[in-house]
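Observations on the three-dimensional arrangement
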Amino acid sequence: MKPFSGSARRTGLWTCPASSPDLADQDAFQAADAPYPALVFLGRDGVGRLVLVDLEHVGVLQSRPGRGDP
């Protein structure tokens, strides 16, 4: 689904570069409803990329502190 593309190596991994011309600008998001209300931000990975999860898809999620977290 544009602007996201799936990973051939990892099922369930979708990425979208911040430079994608298909992304809406910030003004367009101000008045828009959340298209995926169950998509939530969990944090960032080891190189600073956002980690998101669709809670509607996974149902239950158990988390624990990552390395270096208290």
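Residues numbered from 1 in each chain as written. Predicted model: local features only at pLDDT ≥ 70, side-chain atom pairs only at ≥ 80, totals over all residues. Heavy atoms only, no water.

Let us look at the overall build of the protein chain. Summing up its helical and strand segments, the protein chain has 2 helices and 4 strands in all. Counted from the first residue to the last, the protein chain has its helices and strands arranged as β-β-α-β-β-α. Accessible surface, the protein chain: about 6700 Å² in total, of which carbon and sulfur atoms supply 54%. (Helix = DSSP H or I, 4+ residues; strand = E, 2+ residues; numbered from the N terminus. Areas by Shrake-Rupley, 256 points an atom, 1.4 Å probe, with all protein chains shown as cover.)

All right, on to the pattern of salt bridges then. Per the counting criterion, the structure on display carries 1 salt bridge. In this structure, the salt-bridge partner of Arg49 is Asp45, at a minimum N-O distance of 2.7 Å. (Salt bridge = Lys/Arg side-chain N within 4 Å of Asp/Glu carboxyl O.)

Another point: the pairing of strand S3 (residues 39-44). Across 5 bridges, the pairing between S3 and strand S4 (residues 50-54) is antiparallel. Residue pairing across strands places Val40 opposite Val53, the latter belonging to S4. (Pairing = 2+ DSSP bridges.)

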